[in-house]
Amino acid sequence: MEKADVIILGGGLVGSALAVALDTHGLTSIVVDIADSEVILAAGFDGRASAIASAPYRMLSAIGVVDRLTGQGCPIQGIRVSDGLEPGALDFEPDADDGALGHMFENRLLRGALFAAASAARGVDLRMKTHAVAVDRGPHGVTATLDSGAIISAPLLIAAEGRNSPTRDAAGIRVARWTYDHAAIVTSLHHEHSHENVAFEIFYPQGPFAILPLNDDTQGHRSAIVWSVKRHEAPGMMKLSDRGFLAEAEKKMGGFLGTLGPLGGRSSYPLGFHHAAQIVSNRLALVGDAAHGIHPIAGQGVNVGFRDVATLVEVLVEGKRIGLDLGDPALLARYQRWRSLDTLMVSIATDGLTRLFGIPGKTANAARRFGLSAVQKLPPLKDRFMAEARGESGEVPKLLQGLLV
């Protein structure tokens, strides 16, 4: 039987970051993932991009992942929020000495860097194209039988399998969930004028339209697009010619980035919300989408998962130092307490924004513009929103401050 400090089921962005962060602190892990690494690292596998907020970016830097991404991320130097193309926008700009609000990375690059870091880590046993066929969470530890026939054990099991986590469901953890009448169309496009490292969130009654800055390439300036449309409209939008799609995008953008095109590959994802009633059970902890899934309206999805990672690592490292069993209920209860309020507040906020900006009519539109203008004129309130966007609200784990535990 092979042993480690933890078993991580799921080696995506959050699971692999957790393994690397634990290794940085001398804790070992066995990571089990059903995916084929050659498939998920292929250039055309995932056309999405992620806005990594400044606090999770500091964590990735502290554990050595940012070193593998040199020159590949686009700093976000400002965020502009507006209700349609009407006046009364809300602008977030960091002070000169605060650094970027975040960095945009194409998911394939981020995934590649995390996979390389996990593969190189001495304390990470990465097992791809593998899954657990049986898991026993007993009073003295966790034992998992893999489809390869191998038997592995650890004091703690961590589920990082995504929103449809079978481990969470097998543990009987209840999940509040609903679907939105929206699908996200994700692509990238080139444009005539520079984005000047500003991210734009334009709210329409049909759904938000986000323009996220990417690094220039040989064809010029470019950005990632996350376009929320009514779910029944998504198939038609996917079938549009590139020329037709760019024409529709031009209407949403109002021409401020100039001529659009060429267009990158398109993909579509249904949007929904889920939130686990608890994120721990007997010798089990949930991280990332296994614990919570939110609307991409504020770009916080993977950042909330990285905040899970930073918190869980701090709890486990401190527990190990004082000789506690890593599956000790007291340790897991601390993780639950630390993360529960933050994840609930982010979930409520993103769901509320989705519903608020989806209300049609001139009265609702005027009220939203008034609210944006009011926040614009109140620096303390703006600072609070900016701290949340950076991942710096509440009790901030050491890794999110760029410090090792």
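All of these numbers come straight from a predicted model, not from anything done at the bench. (Residues numbered from 1 in each chain as written. Predicted model: local features only at pLDDT ≥ 70, side-chain atom pairs only at ≥ 80, totals over all residues. Heavy atoms only, no water.)

**Notes on the overall build of the protein**
Basically, it comes down to this: Secondary structure elements are defined from DSSP: runs of H or I of at least 4 residues count as helices, runs of E of at least 2 residues count as strands, and each element is numbered from the N terminus. By definition, residues are in contact when any of their heavy atoms lie within 4.5 Å. For the area figures, the Shrake-Rupley method with a 1.4 Å probe applies, and any residue is considered shielded solely by the protein chains shown.
Summing up its helical and strand segments, the protein has eleven helices and 22 strands in all. Considering only contacts in the protein between residues 6 or more positions apart, those separated by 24 or more positions represent 74%. Accessible surface computed for the protein: about 17,500 Å², of which carbon and sulfur atoms make up 55%.

**Focus: the environment of Gly149**
Selection criterion: Buried residues are those whose accessible area, probed at 1.4 Å on protein chains only, stays under 20% of the maximum for their type, while exposed residues exceed 50% and partly exposed ones sit between those limits.
Within the element layout of this structure, Gly149 appears in the loop between strand S11 (141–146) and strand S12 (151–154). When its relative accessible area of 51% is taken as the criterion, Gly149 is described as exposed. Placed 16 residues apart in sequence, Gly149 and Val133 show a C-alpha to C-alpha distance of 9.1 Å.

**Digging into the packing of aromatic side chains**
The test is simple: What counts as a ring pair is set by centres within 6.5 Å for rings of Phe, Tyr and Trp (its six-membered ring), and what kind of pair is set by the plane angle: stacked under 30 degrees, edge-to-face over 60, tilted for all other angles.
Applying the stated criterion across every chain yields a total of four aromatic pairs. Judged by centre distance (6.3 Å) and plane angle (15°), the ring pair of Tyr57 and Phe105 falls under stacked. With Tyr57 in helix H3 (residues 54–62) and Phe105 in strand S8 (residues 102–106), this residue pair connects regions lying 48 residues apart in the sequence. Using a relative accessible area of 21% as the deciding quantity, one classes Tyr57 as partly exposed.

**Let's talk about the packing of helix H1 (residues 13–24) against helix H4 (residues 107–120)**
Note the following rule: Convention adopted: a line fitted to C-alpha atoms gives each axis, helices being fitted over their contacting stretch, and angles between N-to-C directions are expressed from 0 to 180 degrees. Helix crossings get a hand from a simple test, with the near helix turned counterclockwise from the far one by less than a right angle marking a left-handed crossing and a clockwise turn marking a right-handed one.
H4 packs onto H1 with a crossing angle of 35° between their chain directions and a minimal axis gap of 9 Å. Judged by the sense of rotation from one axis to the other, the crossing of H1 with H4 is left-handed. Each of Leu13, Ser16, Ala17 and Val20 in H1 lies in contact with H4, whose residues at this interface are Leu110, Arg111, Leu114, Ala117 and Ala118.

**Thoughts on unusual backbone geometry**
The residue after Gly261, namely Pro262, is reached through a cis peptide bond having omega 5°. Relative to the assigned elements, Pro262 resides in strand S18 (residues 260–263). Unusually for a residue other than glycine, Lys129 sits at a positive phi of about 55°. Within the secondary structure, Lys129 is located in the loop between strand S9 (124–127) and strand S10 (132–138). A relative accessible area of 55% means that Lys129 is categorised as exposed. Of note, Glu196 is a non-glycine position whose phi angle comes to about 55°, a positive value. Tracing the backbone shows Glu196 in the loop between strand S14 (175–191) and strand S15 (198–204). Judged by its relative accessible area of 60%, Glu196 falls in the exposed class.

**Things to note about the pattern of salt bridges**
Basically, it comes down to this: Any Lys or Arg side-chain nitrogen located within 4 Å of an Asp or Glu carboxyl oxygen qualifies as a salt bridge.
Under the counting rule described, the total for this entry stands at 14 salt bridges. As a salt-bridge pair, Asp217 and Arg222 come within 3.8 Å of each other at their nearest N and O atoms. Of the residues examined, Asp217 reaches a relative accessible area of 31% and is grouped as partly exposed. Classification of Arg222 by relative accessible area gives buried; the value is 12%. For Asp308, the salt bridge identified is with Arg339, shortest N-O distance 2.6 Å. Of this pair, Asp308 sits in helix H8 (residues 301–321) while Arg339 sits in helix H9 (residues 329–356), and the two are 31 residues apart along the sequence. In this structure Asp308 comes out as buried when scored by relative accessible area, which is 1%. Owing to a relative accessible area of 3%, Arg339 belongs among the buried residues under this scheme. Residues joined in a network through salt bridges with shared partners are Glu106, Arg108, Asp217 and Arg222.

**Quick notes on the sheet that holds strand S4 (residues 49–53)**
Filter applied, for reference: Strand pairing follows a simple DSSP-based rule, namely that at least 2 bridges must link the two strands.
Taken in spatial order, the three strands of this open sheet run S4-S8-S5, and their pairing is antiparallel. If you trace the sheet from one side to the other, it starts and ends with S4 and strand S5 (74–76), each paired once. Strand after strand, the sheet turns through a mean of 30° between neighbouring axes, direction not considered. Pairing of S4 with S8, which is carried by five bridges, proceeds in the antiparallel orientation. The residue bridging Ala51 from the neighbouring strand is Met104, located in S8. Set on the sheet, H3 makes contact with S4 and S8; between it and S4 the angle comes to about 90°.

**Notes on the side chain of His182**
Note the threshold: Here a polar contact is taken to be a pair of N or O atoms separated by no more than 3.5 Å, where protein atoms must pair a possible hydrogen donor with a possible acceptor and residues adjacent in sequence count only if both atoms sit in side chains.
Relative to the helices and strands, His182 resides in strand S14. Separated by 3.0 Å, the side chain of His182 and the backbone oxygen of Gln206 make a polar contact.

**Here we look at the packing of H3 against H8**
Definition in use: Working rule for angles: under 35 degrees goes down as roughly parallel, over 145 as roughly antiparallel, 65 to 115 as roughly perpendicular, anything else as oblique.
Their axes nearest at 9 Å, the elements H3 and H8 cross at an angle of 50°. Classified by the angle their axes make, H3 and H8 are oblique. In the crossing of H3 with H8, the sense of the turn from one axis to the other is left-handed. Residues Pro56, Met59 and Leu60 of H3 touch H8, and the partners they reach there are Asn303, Phe306, Val309 and Ala310.

**Observations concerning the sheet that holds strand S1 (residues 2–3)**
The mixed open sheet is built from four strands, whose spatial order is S1-S12-S11-S10. Of all the strands in the sheet, the pair left with one neighbour each is S1 and S10.

Read these as spatial facts, not as claims about activity.
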